[in-house]
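Descriptive structure summary
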Amino acid sequence: MKLTIIGSGYVGLTTGACFAEAGHHVVCVDNDEAKVASLLAGEIPIFEPGLEALVKKNVSAKRLRFTSSTEEGVDHGEVLFIAVPTPPQADGSVDLSFMEKVAREIAQYLTSYRVIVDKSTVPVKTGERVAHTIRRHAKPGVEFDVVSNPEFLREGSAVADLMKPDRIVIGGNSDRALALMQKIYEPFMAPVLVTDINSAELIKHAANSFLALKISYINALAEICEISGADVLKVAEGIGADKRIGRSFLNAGLGYGGSCFPKDIAAFIAISEQLGLPFNLLKEVQSINNRQIDRFLDAIREALWVLKDKKIAVWGLSFKPNTDDVRCSVAMTLVERLVAEGAVVSAYDPKAMDKARELPVAAQIRLTESALEAAKEAEVLIIATEWPEFASVDLAALRETMHTPLIFDGRNLLDPAAVRDFGFQYRGIGRGV
Ligand code: UGA
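What you are looking at is a predicted structure, and each value in this text was computed from that prediction instead of being measured.

**Quick look at helix α1 (residues 10-21)**
When the terminal C-alpha atoms of α1 are compared, their 17 Å separation across 12 residues agrees well with the 16 Å that a helix rising 1.5 Å per residue should span. Most of α1 sits inside the fold, with 12 of its 12 residues counted as buried. Of all the residues in α1, the buried ones are Y10, V11, G12, L13, T14, T15, G16, A17, C18, F19, A20 and E21. At its buried positions, α1 is contacted by β1 (2-6), β2 (25-29), α3 (51-60), β3 (64-67), β4 (79-82) and α7 (158-163).

**Comments concerning the site of the ligand**
By nearness alone, 22 residues border the ligand, and E155, N251, Y256, G258 and C260 come closest of all. Counting residues per element, the ones that place at least two in the shell around the ligand are α9 (197-228) and α11 (261-274). Examining the composition of the shell around the ligand, we find that 3 residues originate from one element, α9, more than from any other. Looking at the shell around the ligand, its residues break down into 10 nonpolar, 7 polar and 5 charged. Taken together, domain 1 (2-195) and domain 2 (261-427) each give at least three residues to the shell around the ligand, which thus spans both.

**Topic: the packing of α11 against helix α12 (residues 280-304)**
It is at 9 Å that the axes of α11 and α12 come closest, and there the two elements cross at 150°. Taken as axis vectors, α11 and α12 run roughly antiparallel relative to one another. Relative to α12, α11 is oriented so that their crossing is left-handed. The residues of α12 that touch α11, namely those facing I265, F268 and I269, are L282, K283, V285 and Q286.

**Looking at the packing of α9 against helix α10 (residues 232-240)**
Contact geometry of α9 with α10 gives a least axis separation of 9 Å together with a crossing angle of 130°. Taken together, the axis directions place α9 and α10 in an arrangement best described as oblique. Crossing angle aside, the handedness with which α9 passes α10 is right-handed. Touching I218, L221, A222 and C225 of α9 are V232, V235 and A236, all from α10.

**As for the environment of V419**
Among the secondary structure elements, V419 is positioned in helix α18 (residues 416-421). Taking the number of C-beta atoms within 10 Å as the measure of exposure, V419 has 20 and is therefore buried. With 23 residues separating them in the primary sequence, V419 and A396 have C-alpha atoms 9.6 Å apart. Setting aside chain neighbours within four positions, we find V419 in contact with L395, I407, L414, F424 and Y426.

**Notes on the pairing of strand β7 (residues 168-171)**
The pairing of β7 with strand β8 (residues 192-195) spans 4 bridges and is parallel. When the sheet's bridge partners are listed, I170 is paired in β8 with V194.

**Quick notes on the sheet that holds strand β9 (residues 311-315)**
The 6 strands are arranged β11-β10-β9-β12-β13-β14 in an open sheet whose pairing can be described as parallel. On the outer flanks of this sheet lie β11 (366-367) and β14 (425-427), each paired with one strand and no other. Bridge analysis of β9 against strand β12 (residues 380-383) gives 4 bridges, and the strand direction is parallel. Across the sheet, residue V314 finds its bridge partner in β12, namely I382. The strands that α12 touches are β12, β13 (406-409) and β14; relative to β13, the one it contacts most, it runs at about 170°.

**Focus: the pairing of β12**
Because side chains alternate across β12, one face comprises the buried residues V380 and I382, and the other comprises L381 and I383, equally buried. Bridging between β12 and β13 involves 3 bridges; their strand directions are parallel. The partner of L381 across the bridge, within β13, is I407.

**Let's talk about the domain arrangement of the protein**
As assigned here, the protein comprises domain 1 (2-195) and domain 2 (261-427). Between domain 1 and domain 2, the C-alpha centre-to-centre distance is 34 Å. Between domain 1 and domain 2, the residue contacts involve 13 residues of the former and 14 residues of the latter. When its residues are assigned to classes, the side of domain 1 that touches domain 2 shows 7 nonpolar, 4 polar and 2 charged.

Cut-offs and rules
Within each chain, residues carry numbers counting from 1 in the order of the written sequence. Under the rules for a predicted model, residues below a pLDDT of 70 receive no local features and side-chain atom pairs below 80 are neither given nor counted, while totals for whole chains, interfaces and linings still include all residues. Only DSSP runs of H or I with at least four residues qualify as helices, and only runs of E with at least two residues qualify as strands; both kinds are numbered from the N terminus onward. Helix span, as expected, comes to 1.5 Å for every residue beyond the first. Exposure is read from a count of other C-beta atoms within 10 Å of each residue's own; the residue is exposed at 12 or fewer, buried at 20 or more and partly exposed in between. C-beta atoms are placed from the backbone. Contacts are defined on C-beta atoms placed from the backbone: any two residues whose C-beta positions lie within 7 Å are in contact. For each residue, a C-beta position is placed from the backbone atoms; the residue is near a molecule or strand when that point lies within 6 Å of it. Residue polarity follows a fixed list, in which Ala, Val, Leu, Ile, Met, Phe, Trp, Tyr, Cys and Pro are nonpolar, Asp, Glu, Lys and Arg are charged, and the others, Gly among them, are polar. Segmentation of the chain into domains, including their bounds, is taken from an automatic or database domain assignment. Between the N-to-C directions of two axes lies an angle of 0 to 180 degrees, each axis being a line fitted to C-alpha atoms and, for a helix, fitted only over the stretch in contact. Any angle from 65 to 115 degrees is called roughly perpendicular, while one under 35 is roughly parallel, one over 145 is roughly antiparallel, and all others are oblique. Handedness of a helix crossing follows the sense of rotation of the near helix relative to the far helix, less than a right angle counterclockwise being left-handed and clockwise being right-handed. Strands are treated as partners if at least two bridges between them are detected by DSSP.

Now the structure itself:
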């Protein structure tokens, strides 16, 4: 099928590449001409395992191309996916101006029937607004349908998630549009759930909020474990073994970050308030998440007394492993807070150094070439992101290079017993034993 993706960011680019891989003919549109030029030159702006190879393969197979012309995109695709940013506003509600702008642009170029799909994460009832906007700006009599098709990919495993999804959610009210959508997803052989538009939109916010709730639940338990002398890893294993609960997303740590959860939970709270039904449970999820970093810093202060002029090493800057994304990364927030207290921070990340360098705080820290170099003469080592390479570090060399053998493991990556054997003092999250 001929498909168009408008917005070649994280979701747009990976979705476009995976649709092409499934045999569709895909045009990815982006209004950032420089980005389009670099994509045409084969440069992928993000680190995502498997993506570069997939893009190159499908570009040379002529199933995937890039353009900055929305008109060309609207002309090409029978189905037009909107995958533009939906950033948060100061009050947590979603800024839908990119969405509205693209809807108007599409309307301007519509000449015959198209399905317009909301792929971006949007508040419930956005589909109705998109349909209304297109109707208002399109030539009279032009036919179209609007569909909601939320995306559930995770950064770091986006290609695998897209090629083998747990489920596909398609929300729409036109048989013609739903048939086309089902045809697009046939090659993926995944369960398809067909709903109305509003339910599909809600599913996305509800799913992310539930995952965040699991994380905050285990983080609140971690605090109880620390005080009561229990091990949160064992507690997570014990409760997660119940199939109704499940072990995933019960990893206690510094809390959730990234460009999705913090934004989506805030948005869902704002949506619920607009509907007159404040979702207070999610407010608690947020405050537990914010408390994680405060508690962690308190514990470091407790160990070092003052942070000013202390040499502190931070391992991991991306918001989670296998990505170079530092947007809303808890690791970066931690670094900023350490710097604000006058600490002398050396930091290392296997993939996110370039992205970290673009942030203002980069000028106030030392970014090193290796994990061991960051730890040189440090009085404490903080593990902020659980990259696998940190788990296999040479502990003897680490012990040798640090000023004081003290590790604060914000992601419970290391084995406390093994680390203590090398003479380190170790503190994880929720490991009160
Ligand atoms: C999340 C969802 O998992 C995807 O299904 C969704 O499509 C995506 O948001 C989105 O809305 O676009 P992502 O943000 O890429 O995906 O990353 P996750 O793997 O979900 O991790 C989010 C944060 O939670 C990370 O900071 C991670 O460190 C943290 N986390 C995750 C924990 O602290 N503990 C856990 O047990 C799991």
